[in-house]
Amino acid sequence: MKLARRIENLPPYLFVEITKKIAEKRAKGEEVVTFAIGDPDIPTPQHIIERLCREAREPANHRYPESDGLPELRQSIANWYQKRFGVSLNPDTEVLPLIGAKEGIAHIALCFIDSGDIALVPDPGYPVYSIGTMLAGGESYYMPLLRENDFLPDLDNIPADVLKKSKLLWINYPNNPTGAVASLDFFRKTVEFARKHDIPVCHDGPYSEVAFDGYKPVSLLQAEGAKEVGVEFHSLSKSFNMTGWRIGMLVGNATMVNALKVIKSNMDSGIPQAIQYAAIEALEGPQDAIKEHNDIYQRRRDLVVDTLNSIGLEAHPPKASLYVWAKVPEGYTSKEFATSLLEQVGVVVTPGLGYGEHGEGYIRLSLTIADASLVKGLSLLSGWRDRNRFKNQTNLT
Ligand SMILES: Cc1ncc(COP(=O)(O)O)c(C=O)c1O
């Protein structure tokens, strides 16, 4: 059977490979502690679950939903943006619920990218920006995110011939995988750049609620004029521990929102309605869980960063996101180091190379790991260091 070239050219999705390796180890009866996937271990708040159960019993919610979401949900999203960021949105034209942000991120390329077009994509970055671009027939121009630039792209350094063919700019803060954050000033600069070069901006902001030490991430849409040139993807996955519920949203520029609505109305039939009501509950109900979860992540972040630094892996405490981005020890590539950790001590981390060429030299550790496993995993990591320090010493003698 002959598959389309677009499938044959597709690299395996990063976590599919990692999950397979973990399963192989576990099948052999070996213990594995994983810091790999950013999937909150803490359950969804109870009031949201209860709303889902109630709504699931309603026959009206058993039928096809509208593909652009319940008007009440769009209104709740607009209310939440107003309350959280002071951004006002028209719920009918500037808000589109999604089956998780990932779905919208992959599909929006179909709205802007024709064959031969370019999308400007962060490197390292969430893989779906470039994969969506490729599935739409386009190419990615990778903008390096470097520590010396605080992991922000250098927009002024993109060659003019690339800019001419660029049809979409992707940015993501708080950032996966580096944990970096962006200021309102950076967003203002981005809006100016987008206007000057006529390139629509997609800001992906699912980690805006996961922040530490009192820091509050900003939205692209808080920058003056942002709605003229861009949109923001958001999600309930990380804010309310609802990764498995599959619900997110696109907000901002009405033309861009409408374009994705057109694509989606031809491809899917919306989000199950009971889930949409549960999302309303999440957005409008008590928000206390966000702070409670952030306190837990912050404690874990400190433990992870301290342990990594104590064993010689340079790591800085992120102000936001679910990730610690750490340097691999000298003499290893990120893949070699991740493999060595898995094989020698049963700890899974994500090799930075999986997020792009400029992720090389780093590993990513997720904070979504239950406390007991986290402590165990960190002690195994220290064990790796002792073992290899000892090995190096014996090599020297
Ligand atoms: C940067 C980024 N964007 C989008 C997503 C997808 O979120 P969702 O669960 O809403 O599809 C993730 C998930 O890990 C992510 O890290």
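Please refer to the structure higher up on the page.
Residues numbered from 1 in each chain as written. Predicted model: local features only at pLDDT ≥ 70, side-chain atom pairs only at ≥ 80, totals over all residues. Heavy atoms only, no water.

### Quick notes on the pairing of strand S6 (residues 201–204)
Burial along S6 is two-sided: the face carrying Val-201 and His-203 and the face carrying Cys-202 and Asp-204 are both buried. Bridge count between strand S5 (residues 166–172) and S6: four bridges; the pairing is parallel. Bridged to Leu-169 within S6 is Val-201. Looking at chain direction, S6 and strand S7 (residues 230–235) are connected through four bridges and run parallel. (Buried < 20%, exposed > 50% of the residue type's maximum accessible area, 1.4 Å probe, protein only. Helix = DSSP H or I, 4+ residues; strand = E, 2+ residues; numbered from the N terminus. Pairing = 2+ DSSP bridges.)

### Thoughts on the nonpolar core
Grouped together as the largest cluster of nonpolar side chains are 64 residues, with contacts concentrated most on Tyr-81, Leu-120, Leu-169, Tyr-173, Leu-236 and Phe-240. Top contributing element to this core by residue count: helix H11 (residues 273–284), with seven residues. Excluding residues within four positions of it along the chain, Tyr-173 makes contact with Leu-145, Phe-151, Leu-152, Pro-153, Ala-180, Val-181, Ala-182, Phe-186, Phe-187, His-203, Asp-204 and Gly-205. Core analysis: the next-biggest nonpolar cluster, separate from the first, contains 32 residues, Tyr-297, Val-345, Val-347 and Leu-378 among them. (Core = buried A, V, L, I, M, F, W, Y, C linked by side-chain atoms within 4.5 Å. Contact = heavy atoms within 4.5 Å.)

### As for a nonpolar patch on the surface
On the surface, Met-1, Leu-3 and Ile-7 cluster together into a nonpolar patch covering about 400 Å² of accessible area. By the element assignment, Ile-7 lies in helix H1 (residues 5–8). A residue is classified by how much of its surface remains accessible, and Ile-7, at 47% relative accessible area, is partly exposed. (Patch = residues over 30% accessible without salt bridge, like charges linked within 9 Å, V, L, I, M, F, W, Y side chains within 5 Å. Areas by Shrake-Rupley, 256 points an atom, 1.4 Å probe, with all protein chains shown as cover. Salt bridge = Lys/Arg side-chain N within 4 Å of Asp/Glu carboxyl O.)

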